[in-house]
There are 2 protein chains.
Amino acid sequence: MSASRGKQHSSVKRHQQAAVKRHQQAAVTLDLHAVILAGGTGTRFWPLSRRLAPKQLIALLSDRTMLQETVLRIAPAVPAERRWVVTGGDLADEVGRQLRAVDANATVIVEPAGRNTAPAIAVAAHRVIERDPDAVMAVLPADHVIAKSDAFLRCLARAEEVAREGFLVTIGLVPRRAETGYGYIQRGEPLRVGSPASGAKPDADASSVTLDSCFAFSVARFVEKPDRAAAERYVAAGDYFWNGGMFIWRAAAILDELRAHAPAVAEAAERIAEAMKAGADRNRIADLYRTIEAVSIDYAVMERTRRAAVIPAELGWSDVGSWAALDDVAEKDERGNVISGRVLDFGSERSILYAQDRLVATIGLKDVIVVDTPDATLVCDKDRAQDVRRVVETLEAQHAQEHVTHKTVQRPWGAYTVLEEGEGYKIKRIVINPSSRLSLQMHRQRSEHWVVVAGTARVTCGDRVYDVKTNESTYIPPQTRHRLENPDPAIPLQIIEVQNGPYLGEDDIVRFDDDFGRA
Amino acid sequence: MSASRGKQHSSVKRHQQAAVKRHQQAAVTLDLHAVILAGGTGTRFWPLSRRLAPKQLIALLSDRTMLQETVLRIAPAVPAERRWVVTGGDLADEVGRQLRAVDANATVIVEPAGRNTAPAIAVAAHRVIERDPDAVMAVLPADHVIAKSDAFLRCLARAEEVAREGFLVTIGLVPRRAETGYGYIQRGEPLRVGSPASGAKPDADASSVTLDSCFAFSVARFVEKPDRAAAERYVAAGDYFWNGGMFIWRAAAILDELRAHAPAVAEAAERIAEAMKAGADRNRIADLYRTIEAVSIDYAVMERTRRAAVIPAELGWSDVGSWAALDDVAEKDERGNVISGRVLDFGSERSILYAQDRLVATIGLKDVIVVDTPDATLVCDKDRAQDVRRVVETLEAQHAQEHVTHKTVQRPWGAYTVLEEGEGYKIKRIVINPSSRLSLQMHRQRSEHWVVVAGTARVTCGDRVYDVKTNESTYIPPQTRHRLENPDPAIPLQIIEVQNGPYLGEDDIVRFDDDFGRA
């Protein structure tokens, strides 16, 4: 029996510790802006991912989320003032929370609506140029695994050099197999720019690309996801590389190319950047986003430009496109299982077993994915991992909740968990961060009983302001202005809220004042 | 996709409706006492079964528990005053609750400790004889499936006739396959007693036994669970039948035989029955149980007596020995799946998929068992269903809780569910049945906040007695006598209890007065 207790991702712990070590050791310094794209809305990691907790914001391989890993990967080489994260409006609070949690600050650019990568990159390029007209920027997806952090940073340093010469540089990952789920980049002629590491030969084919060669080539062509036969030809040919969606270029250069190849997108992005600079309100910016075409940077620029370059590299990269892809990147036990959380396993093989708060017992499974969360469990044949999106589509059609949020919902002031909902009542556990408070608010339909179970609450109820200590309770009648605050600078406040009333939806709320601009 | 919503056991609904119909139609009247053995403590249906919710007390195939199905099966033919249920002390409350819930009363005999079937049957025989010295009694396990209720009652009627002639009658189930998990009974010569149904031939072999023949034979021998080869020989021979643990005999006859073949057990059982008759307290009876040998009636009597008889029958019987055995008895969808609860399935085959409160999504499984409960999930290859007990053994060794009780714990006055437990607090939803109340009690360590979410609570707190209505709350300090009562004769009372204190174990309770004898 292989038993794994507690909430720790125990089987992937070594992976994580190694990653931390790498972060600390990195000695490369990069003179570039890192723009992390964190706006994705994948469905393939349900039930761990939700609409409001997409893949980049969940912890798949360590106790850190993919976004946190991505930021920490570049943090030793790029200071906070040159880090940017682009994300959607409904994810921005959580992105900020996750960055603070690992002490890795960045400027967050909020997109009111996701419009694919070209608009996100264009707006970010304008913002970067505001700070430094000559800046080089690296565009990095927030939800990929890169096992070899040092090689990655060295690769970025080389790419920065090539980008300064005016090239639009991509990183081409050395293919490990004839994968049909990725796009490919065929390299062209070697570029005689910058200073490739000694020993690298300009005529090297993919098989001789080593970790440190970082040699740049022109791009012969970009290829969309191929069929099996084509993928096998590409891998055999040796001059094709996986397209990992990582780009390095001068911010001014990508805007020039965008103006040349996608002028409408370029213009719209410029208007948006100007509005942001002028401090326009969110409605105005949302209106502007509605006018911009949703298009990928690959389609808008890379497949058309003559300035594309590719640096082949072997970085232990994976886009972790589905639960089955964890096979590639997570540490396994002696029978090939990836196990996380409180799992009691008896003799399973090649399976992916994720538990969270509850006990999961597995017996004799072969190539099965089990993912347990507080409100939903997935059990899936590993070969069918792509069909997880069908579950999400079905839940959407049913107007269900299990694909939207987790039972625990993060808020800028803390978090709440719905413990139970019944006829006429709802019970929440609410955690308020130190020195934080909810909005001054009112509910039309429901009353609330609050029992403090840890810390001290400062309560506003009507005209009164009073403190409620641990093991004390208070009552908020309907249609009464109230506010819940944690005045302590260090200790989280925890309360149990019992709501009563004929209607208990989250939208029965009138906000009068809010620290987070929601009033 | 095959979707099944809500808590209904939808795929087994027709099975249940058919069963109800059968119960209503039965026209046989039996002049016997039915003694239902409901003391089992199986582990093979974990996580649906727990130590305090063993297989006979859970709903596997319908909305009714196996015990309820067993009682309702004989209820049309045996009036309440001739029904007995033997069970363990820690199950007695729940047995009573389940009997009341289906309006099928019976006298419950409580065993302070399980001592296998011989002591249970002997004590029951004494109790039956107290009421009627000439009584015939049928001994019936509480956790078996019998699909053909009418045939079963007709078979019992015939067995009663043979038992009145002095025989110890067993029912031999016509084997459907070379099962190695059951014991077998080899029939001997036909018995020329009573009045077998017309058309039955005394020299009939097993293959000619029809539903209605109910012909009795002497027993050539009882055989323990055989190996595969022996089981195949038995089935081919035609004169072997499955031993289903059902017995019919004169109560006086089984006691005579017990005195002859197991005198120590017989004597100890007689002392216990006398003590019960004399109204001895539970400690005295527990002491007496400690002296009695734990032995099966098969070993103590049936394998030794010369008065054994067997009536072969085809009753759609199964002992449902494991999750995999549901294949035999539950209704399946077009791909061979048994599905219950809110399951979203995409293309699974021959799988057993049980959801309770939460969503379970399954994709492409083959021969897999998935059982989800509020605190634990099992995912098991169907061929490994017997290994579920290893999970329970491991949980026992870990002093875990998930094999002992469910999150919802039944009490004689209602039920409670632990919604969450954290550092220094515990939250329960408590339901108090109409006109019921908890004991007058006190906790040394913890205080309790009660918020009424449905109904009206009558609260005793110290010297005060007051009513708390829906949406009102009250506070019970530590070391204060208190009582919670539902005075309404019809509406269940529902409260949310938030406990606070340094120690929150269920054993921090002092009972001063109790309607259920627990003070």
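Now for a quick tour of the structure. This structure is a prediction, so every number in the text was calculated from the model and none was measured.

**Concerning the overall build of chain A**
A count of helical and extended segments in chain A gives 12 helices and 30 strands. Taking 519 residues into account, the globule formula puts the C-alpha radius of gyration at 24 Å, and chain A, at 25 Å, falls close to it. Once the C-alpha set of chain A is aligned to its principal axes, its extents read approximately 75 × 60 × 45 Å. Among the 519 residues that make up chain A, the fraction classed as buried is 59%.

**A short note on the side chain of Q68 of chain A**
All names here are of chain A. Position of Q68 relative to the elements: it lies in helix α2 (residues 66–74). Note on Q68: relative accessible area 7%, which makes it buried. Looking at Q68, its side chain comes within polar contact range of the main-chain oxygen of Q98, at 2.9 Å. Those residues within four positions of Q68 in sequence are excluded, and the remaining contacts are Q98, A101 and V102.

**A few points about the interface of chain A and chain B**
Across the boundary between the two partners, chain A contributes 56 residues, which contact 56 residues of chain B. The junction of chain A with chain B conceals about 4400 Å² of combined surface from both sides, 58% of it contributed by carbon and sulfur atoms. Counting the contacts that link chain A with chain B gives six salt bridges. Linking chain A with chain B are 36 residue pairs in polar contact (both at pLDDT 80 or more).

**Some points on the relation of the copies chain A and chain B**
Mapping one chain copy onto the other needs a rotation about an axis and a shift along that axis. If you rotate chain A by 179° and push it 0.1 Å along the axis, it lands on chain B with an RMSD of 0.2 Å. Each copy turns onto its partner about a two-fold axis. Closest approach to the rotation axis within chain A is made by the C-alpha atom of L419 of chain A, at a distance of 3.1 Å. Residue by residue, 100% of the interface of chain A is reproduced at the interface of chain B, so both copies engage with the same surface.

**Describing the sheet that holds strand β19 (residues 408–411) of chain B**
Residue and element names in this part refer to chain B. Taken in spatial order, the six strands of this open sheet run β19-β20-β21-β29-β24-β27, and their pairing is antiparallel. Taken across any chain shown, the strands that pair with only one partner, and hence form the sheet edges, are β19 and β27 (473–476). Strand-to-strand twist across the sheet, computed as the mean angle between neighbouring axes with direction ignored, equals 25°. Where strand β20 (residues 414–422) lies against strand β21 (residues 425–432), eight bridges are found, and the strand directions are antiparallel. Across the sheet, residue A415 finds its bridge partner in β21, namely V431.

**Considerations on the pattern of salt bridges**
Opposite charge on two side chains permits them to pair, given that their charged atoms come into close proximity. Within this structure, the stated rule accounts for 68 salt bridges over all chains. D387 of chain A is the salt-bridge partner of R384 of chain A, the closest N and O atoms lying 2.7 Å from each other. A residue is classified by how much of its surface remains accessible, and R384 of chain A, at 24% relative accessible area, is partly exposed. Between D345 of chain B and R335 of chain B there is a salt bridge, and its shortest N-O distance comes to 3.4 Å. Of this pair, D345 of chain B sits in strand β14 (residues 343–346) while R335 of chain B sits in the loop between α11 (326–329) and β13 (338–340); the two residues are 10 residues apart in sequence, bridging distant segments of the chain. A relative accessible area of 0% means that D345 of chain B is categorised as buried. Taken together, the shared-partner salt bridges connect D327, E349, R350, D367 and K382 of chain A into one network.

**Structural notes on the side chain of Q441 of chain A**
Residues and elements named next belong to chain A. Its place among the elements puts Q441 in strand β23 (residues 440–442). Among the polar contacts made by the side chain of Q441, one reaches the side chain of S439 at a distance of 2.8 Å. Those residues in contact with Q441 that sit more than four places away from it in its chain are T480, R481, H482, I509, V510, R511 and F512.

**A few points about helix α8 (residues 263–277) of chain A**
Residue and element names in this part refer to chain A. Here α8 is 15 residues long and its end C-alpha atoms lie 21 Å apart, about the 21 Å a rise of 1.5 Å per residue gives. If you check which residues of α8 are buried, you get V265, A266, A268, A269, I272, A273, A275 and M276. For α8, the elements touching its buried residues are β4 (107–111), α4 (117–131), α7 (251–261) and α9 (282–290). Positive backbone phi, at 75°, marks G279, one or two positions downstream of α8.

**Quick notes on the packing of α4 of chain A against α7 of chain A**
Residue and element names in this part refer to chain A. α7 packs onto α4 with a crossing angle of 135° between their chain directions and a minimal axis gap of 9 Å. Judged by the inter-axis angle, α4 sits oblique to α7. Relative to α7, α4 is oriented so that their crossing is left-handed. Residue-level inspection shows I121, A122, A125, H126, V128 and I129 of α4 in contact with α7, the latter providing A251, A252, I254, L255, L258 and R259. Each residue belonging to the contact of α4 with α7 can be placed in one class, and the counts come to 10 nonpolar, one polar and one charged.

Conventions and cut-offs
Residues numbered from 1 in each chain as written. Chains lettered and ligands numbered in written order. Predicted model: local features only at pLDDT ≥ 70, side-chain atom pairs only at ≥ 80, totals over all residues. Heavy atoms only, no water. Helix = DSSP H or I, 4+ residues; strand = E, 2+ residues; numbered from the N terminus. Rg over C-alpha atoms; globule rule 2.2 N^0.38 Å. Buried < 20%, exposed > 50% of the residue type's maximum accessible area, 1.4 Å probe, protein only. Polar contact = N/O pair within 3.5 Å; in protein donor to acceptor, adjacent residues only side chain to side chain. Contact = heavy atoms within 4.5 Å. Buried area = accessible area lost by both parts, 1.4 Å probe. Salt bridge = Lys/Arg side-chain N within 4 Å of Asp/Glu carboxyl O. Least-squares fit on C-alpha atoms with pLDDT ≥ 70 in both. Pairing = 2+ DSSP bridges. Axes fitted to C-alpha atoms, helices over the stretch in contact; angles between N-to-C directions. Expected span 1.5 Å × (residues − 1). Parallel < 35°, antiparallel > 145°, perpendicular 65-115°, else oblique. Left-handed = near helix turned anticlockwise from the far one by under 90°. Nonpolar A, V, L, I, M, F, W, Y, C, P; charged D, E, K, R; others polar.

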